[in-house]
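Descriptive analysis of the structure
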Amino acid sequence: MKPLVILHLSDLHFGNEGNDQAKKDAKQIVLAALKNCITSVAEDWKPDVVCITGDLAWRAHADEYISAEKWISELLGDLVLTSSDLFICPGNHDLERSIALEAPNTHEEADSIFSVPIAETNSLHEQFKEYSAFCARLGIPKYLCGDVESYLVGTRHHRGVVFACHNSAWFAKSGDLG
């Protein structure tokens, strides 16, 4: 039996090229080469699962996720995988910084914010709305956190492995994105 092959990608930063056409063209060349490299490996090394951990987008804008969706859908199709074989965890570039929450000042405050389950409806989730909408459009199964399903935190069982999403970007309010 072939061992499970997991492809791990991170920091794809769709949208970081801004409106610069030369940067957009260069990004397309790099992404095409990356996809070609991934899809042309020997059969024993073809990924069974794709994990993308953090910073799918650059500024968490809807158009950045549309570009990511296109590329990821093509990659999954070329690998003959489905959205069930895809695990994504948000990074600090995947939340809308203009509405990001301030970090808690005490452990008591943090405990009250992060009591399990972290409800989908609380304000922590609003700052990731474009990211979550992207996950929903792709049909990615949600993680389970307590009794609540979420694209932002939790675990999901797949092919005998427990995959965990540990979102560390909940309060990534500060910092210049260039």
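Residues numbered from 1 in each chain as written. Predicted model: local features only at pLDDT ≥ 70, side-chain atom pairs only at ≥ 80, totals over all residues. Heavy atoms only, no water.

Let's talk about the packing of helix α1 (residues 21–39) against helix α2 (residues 62–79)
Between α1 and α2, whose axes approach to 10 Å, the crossing angle comes to 20°. With respect to α2, the element α1 is oriented roughly parallel. Every pair of crossing elements has a handedness; the one defined by α1 and α2 is right-handed. Facing L31, L34, K35, I38 and T39 of α1, the residues of α2 in contact are W71, E74, L75, D78 and L79. Counted by class, the contact of α1 with α2 contains 6 nonpolar, 1 polar and 3 charged residues. (Axes fitted to C-alpha atoms, helices over the stretch in contact; angles between N-to-C directions. Helix = DSSP H or I, 4+ residues; strand = E, 2+ residues; numbered from the N terminus. Parallel < 35°, antiparallel > 145°, perpendicular 65-115°, else oblique. Left-handed = near helix turned anticlockwise from the far one by under 90°. Contact = heavy atoms within 4.5 Å. Nonpolar A, V, L, I, M, F, W, Y, C, P; charged D, E, K, R; others polar.)

Points about the state of the cysteines
What the rule picks out here adds up to 0 disulfides. There is no disulfide at C135, and the cysteine sulfur nearest it, in C165, is 8.7 Å away. When its relative accessible area of 2% is taken as the criterion, C135 is described as buried. A relative accessible area of 1% places C165 in the buried class. (Disulfide = S-S within 2.5 Å. Buried < 20%, exposed > 50% of the residue type's maximum accessible area, 1.4 Å probe, protein only.)

On their own, these measurements won't tell you what the molecule is for.
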